Amino acid sequence: MSRQHPDTLDQVPLQSLGGVGPRTAERLAKLGIHSVQDILLHLPLRYQDRTRLTPVRDLREGDQAVVEGEIIDADIRVGRRRSLLLALADGSGQLTLRFFHFSTAQRQTLAIGNRVRCFGEVRQGPNSLEMVHPEYRAIAEETEGDGDFGMEESLTPIYPTTEGIHQIAWRNLTERALEVLKKSAWGMRELLPAELLDEMALPTLGEAIRILHRPPPDTSLQSMSDGDHPAFRRLAFEELLAHQIGLRLSRKRRRGHQAPVVHAQGSLRQALRAALPFDLTQAQQRVIAEILADLRQDHPMMRLAQGDVGSGKTLVAAAAALEAIEAGYQVALMAPTELLAEQHLRNFRHWLTPLGIEVGWLASRTKGKEREAILAHLEAGELPLIIGTHALFQSDVEFGNLGLVIVDEQHRFGVHQRMALRDKGAGAQRVPHQLIMTATPIPRTLAMSAYADLDLSVINELPPGRTPVTTVALSDSRRDEVIERVRAACVEGRQAYWVCTLIEESEALQAQAAEETCRQLQEGLPDLRIGLVHGRLKPADKEQTMRAFQEGELDLLVATTVIEVGVDVPNASLMIIENPERLGLAQLHQLRGRVGRGGQLSHCVLMYHPPLSQNGRERLNVMRQTNDGFVIARKDLEIRGPGEVLGTRQTGEMQFRIADLMRDQALMPEIQRIADALLESHPDNAAALIGRWIGDNHRYIDA
Ligand code: ADP
Ligand code: MG
């Protein structure tokens, strides 16, 4: 690989631009801007067109425009607010200029008979279109006819900024950075093949950057703000390509690692299957086969098993675990919450104990002697299966012979944690296989970019006999009716959930609210047996309540969103969700997935607090209209964006400077193709792309 030229603009400090003192540098650093290259990649949020005069007749509401004309009327209104109203006429029409603050000097400039040029946003006033507090300047008589006087030569960029850096400063900074770019041959090397740019009708990197900072007057503002201008797409393409290449390299590097080869007859698996009261679905069988094929390889599996709520992922995990155990390896299964981990523990003990397999437990609350015993047992390689929470990641947890790690992610774990168990592999040189299970259906194009380093299996089928959940939205003013409905269902022998939501992050407050709701429901429904679970209960109490509910000893379970993941009680067929408008669609889908697991018709009541926002109404409608996790995920993406949906917003992963996974999806197939071609024929360009867009502080690099 050729060394990068020392002159590349990511190495050139800001101070070299001139006019950047330590204070400005510090402020820029807050925006992640450290080099001249960072300045060039800091793109405007939007643009204003100050390159031409717009005839008043052509103005529409919402436009930002420059107009020029004569003041033909001036008036001071003393209504609710004192204001100066001016009528400006340019021969094509009349526009009102409105000022709430004005000095005598201003009134002189804006006196009747004077010509002015104004820039501002057009809005509909009471009588005509207006500009409120436009920027303006007087135009002297003699310049009349010289239409370009004072006009800009390119669209005016408006940059995202931080306190203390004005737009003028940004324009100066980018102006100087563009100068440097022009002069330096090596500044930002073109890394994409010329044929590709030709074929896709994309500009070169240098051109794209120049256009984005200083769009020529004829540039369509619409295409710039929609992000489909070729200059914009060019950069988005390059950035997505860099990530794609990074993920591919990481996958390739993984293939170079040794993994324990899992050779087994499958007798444990067969035994479990024989003991089940149902057959595996086709989809479950296919995904199990995909996993087993991976386990037989001598490089580590990295597979994402995606399946909608209730698609039966747990059994898929169990089949994989049994295969590894039969081959003599240890398996670790990790869940994002203690409640969910406990449920896995129950399921696995139920399935595996008859097969003579011991199942261990490790959570952060496992302490003292108990913990020591488990750790020793694990380190000696004697405990075949351990289930727990992130406590399994801790550095003093060592495995004698770890062969497979299963993460029931449910999008609670950051992607970065995937790797944390890697070093705990069977023998120092070996990396365990990894299986990640997720219930969030990720649209294909998104999966291609977000999870390009993983192999993907989709459980695209629900077990037979599931009936779709009927969902209604009701205002909480009808709470009494809803309570009555719960009573009616429970009297018929069915069970129900009552889910309390609270925006507060605090578990304590959530618990309090759930306790209060539970008390009220007990009052309103004295005949029902009501239980309560929330995050602040002791695990043993929680466990006991859950078990009681599972065994039908409770009719109604009042819960916080802790039950969102995994809880499985087929006889529960009614769910009330309070204030569903506070939750994301994916979360609602997860919650609702707790019902509709048995044969009977199930119902979900979304009991919202009016008034609903437009967005809130739209989201509840989505929930009423479909039970399809894919449709819901798609809507969720549209409404909240991929950072939220993939759960990577907080960790800063999958955050792009320019690209937007939703908007730029259409680029993905081409990016896939180019990633391969570039890695094949220009590996040093591929490496330089990663350097430019990802740097070296990134998970992809040494994952
Ligand atoms: P999820 O994919 O949401 O984790 P689970 O693994 O919890 O789903 O399975 C949901 C329920 O479906 C469980 O009660 C499980 O026993 C049951 N189940 C799983 N596979 C099948 C199948 N092939 N046929 C019938 N029921 C199944
Ligand atoms: Mg599950």
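For the structure, see preceding data.
Only a predicted model underlies this, so the values are computations on that prediction, with no experimental measurement involved. (Residues numbered from 1 in each chain as written. Chains lettered and ligands numbered in written order. Predicted model: local features only at pLDDT ≥ 70, side-chain atom pairs only at ≥ 80, totals over all residues. Heavy atoms only, no water.)

Teacher, can you tell me more about the overall build of the protein here?
Regarding its fold elements, the protein presents 24 helices and 21 strands. Taken over 703 residues, the protein has a buried fraction of 53%. Considering only contacts in the protein between residues 6 or more positions apart, those separated by 24 or more positions represent 75%. (Helix = DSSP H or I, 4+ residues; strand = E, 2+ residues; numbered from the N terminus. Buried < 20%, exposed > 50% of the residue type's maximum accessible area, 1.4 Å probe, protein only. Contact = heavy atoms within 4.5 Å.)

Help me understand the sheet that holds strand S10 (residues 330-334) in this model?
Strands belonging to one sheet form pairs held by backbone hydrogen bonds; the direction of such a pair is parallel or antiparallel. Pairing is parallel in the open sheet, where seven strands are placed in the order S11-S12-S10-S13-S14-S9-S15. In the strand order of this sheet, the two ends are held by strand S11 (359-362) and strand S15 (455-459), each with one partner. The average angle at which neighbouring strand axes cross in this sheet is 20°, direction not considered. (Pairing = 2+ DSSP bridges. Axes fitted to C-alpha atoms, helices over the stretch in contact; angles between N-to-C directions.)

Got a minute to help me understand the packing of aromatic side chains in this structure?
Each pair of aromatic rings is reported with the distance of its centres and the angle of its planes. According to the stated counting rule, one finds four aromatic pairs in the structure shown. Consider the rings of Tyr159 and Trp170, whose centres lie 5.7 Å apart with planes at 25°: the pair is stacked. Here Tyr159, found in the loop between strand S8 (156-158) and helix H4 (167-183), pairs with Trp170, found in helix H4; they are 11 residues apart in sequence, far enough to count as distant. You'll find Tyr159 and Trp170 in the same group, each marked buried. The ring of Phe100 has Arg81 sitting right over it, with the charged end atom 4.1 Å from the ring centre. (Phe/Tyr/Trp six-rings, centres within 6.5 Å; stacked < 30°, edge-to-face > 60°. Lys NZ or Arg CZ within 6 Å of the ring centre and 35° of its normal.)

So what exactly am I meant to see when it comes to the site of ligand 1 here?
Every one of the 17 residues lining ligand 1 counts as a neighbour, but Gly310, Lys313, Thr314, Arg466 and Asp568 are closest to it. Here a nitrogen atom of ligand 1 and a backbone polar atom of Asp279 are 2.8 Å apart. Between ligand 1 and the protein, one listed contact pairs an oxygen atom with a side-chain N or O atom of Arg466 at 2.7 Å. Considered on its own, ligand 1 offers 570 Å² of accessible surface; in the complex 85% of this is hidden by protein. The dominant element in the shell around ligand 1, judged by the number of residues it contributes, is helix H11 (residues 313-326), at three residues. (Near = heavy atom within 4 Å. Polar contact = N/O pair within 3.5 Å; in protein donor to acceptor, adjacent residues only side chain to side chain. Areas by Shrake-Rupley, 256 points an atom, 1.4 Å probe, with all protein chains shown as cover.)

Can you help me understand the pairing of strand S14 (residues 433-438) in this one?
For a regular strand, side-chain orientation follows a simple rule: the groups alternate between the two sheet faces. Across the six residues of S14, six count as buried, placing the element largely inside the fold. In S14, alternate side chains face the same way, and those of His433, Leu435 and Met437 on one face and Gln434, Ile436 and Thr438 on the other are all buried. Inspection of the sheet shows strand S9 (residues 302-307) paired to S14 by five bridges, in the parallel sense. Each residue of the ladder has a partner; that of Met302, found in S14, is Gln434. Bridge count between strand S13 (residues 402-408) and S14: five bridges; the pairing is parallel. Among the inter-strand pairings, Val407 is bridged to a residue of S14, identified as Ile436.

Please clarify how H11 should be interpreted in this entry.
Residues spaced three or four apart along an α-helix point in a common direction, a consequence of the helix completing one turn every 3.6 residues. With 14 residues, H11 should reach 20 Å at 1.5 Å per residue; the first-to-last C-alpha distance of 20 Å fits that figure. With 12 of 14 residues buried, H11 is to be regarded as a mostly interior element. Listing the buried residues of H11 in full gives Lys313, Leu315, Val316, Ala317, Ala318, Ala319, Ala320, Ala321, Leu322, Glu323, Ala324 and Ile325. Once H11 ends, the next one or two residues include Gly328, with phi positive near 95°. (Expected span 1.5 Å × (residues − 1).)

What should I look at first to understand the pairing of strand S12 (residues 385-388) in this one?
Residue alternation in S12 divides its side chains into two sets, Leu385 and Ile387 and Ile386 and Gly388, and both sets are buried. Of the strand pairs in this sheet, S10 and S12 are connected by four bridges, and their pairing is parallel. Its bridge partner lying in S12, Val331 is registered against Leu385. Where S11 and S12 come together, four bridges link them in parallel fashion. For Leu362, the partnering residue across the bridge sits in S12 and is Gly388. With helix H13 (residues 368-379) bridging S11 and the parallel S12, this β-α-β connection has right-handed handedness. (Right-handed = clockwise from strand over helix to strand, strands pointing away.)

For this particular structure, what's the right way to read the environment of Glu135?
Note that Glu135 resides in strand S7 (residues 135-138). If near-sequence neighbours (up to four positions away) are discounted, Glu135 is found in contact with Arg50, Arg117, Cys118 and Phe119. A distance of 2.7 Å separates a polar atom in the side chain of Glu135 from a polar atom in the side chain of Arg50.

Just to check I follow, could you spell out the sheet that holds strand S21 (residues 603-608) for this structure?
Here we have six strands laid out as an open sheet, ordered S16-S21-S20-S17-S19-S18, and parallel in their pairing. Strand pairing shows two members of the sheet lacking a second neighbour, strand S16 (470-475) and strand S18 (530-533), which therefore form its edges. Within the sheet, the average angular offset between the axes of one strand and its neighbour, ignoring direction, is 20°. Sheet topology note: the strand S17 (residues 495-499)/strand S20 (residues 572-578) ladder contains five bridges and is parallel. What sits directly across from Val499, in S20, is Ile577. Strand contacts of helix H17 (residues 539-550): S17, S18, strand S19 (556-559) and S20, with the helix running at about 140° to S18, the strand carrying the most contacts.

How do you make sense of the pattern of salt bridges when you look at a structure like this?
Oppositely charged side chains can form a pair if their charged atoms are brought close together. Following the criterion strictly, the structure yields 30 salt bridges and no others. Where Arg77 meets Asp75, a salt bridge forms, and the shortest distance between an N and an O atom there is 3.2 Å. Residue Asp75 is classed as partly exposed on the basis of its relative accessible area, which comes to 32%. Notably, a salt bridge pairs Arg234 with Glu190, separated by 2.8 Å at the nearest N-O pair. Of this pair, Arg234 sits in helix H8 (residues 230-255) while Glu190 sits in the loop between H4 and helix H5 (194-200); the two residues are 44 residues apart in sequence, bridging distant segments of the chain. Glu190 gets classed as partly exposed once you look at its relative accessible area, which sits at 28%. Among the charged side chains, a network of salt bridges with common partners joins Glu190, Arg234, Glu238 and Arg692. (Salt bridge = Lys/Arg side-chain N within 4 Å of Asp/Glu carboxyl O.)

Where do I start with helix H19 (residues 614-625) in this structure?
Given a rise of 1.5 Å per residue, 12 residues ought to cover 16 Å, and the 17 Å separating the end C-alpha atoms of H19 matches this to within 8%. Within the span of H19, buried status applies to Gly616, Arg619, Leu620, Val622 and Met623. One side of H19 carries all its buried residues, which in axial view fall inside an arc of 150°. More than 90 degrees from the buried face of H19, the exposed residues found are Gln614 and Gln625. (Arc of directions from axis to C-beta.)

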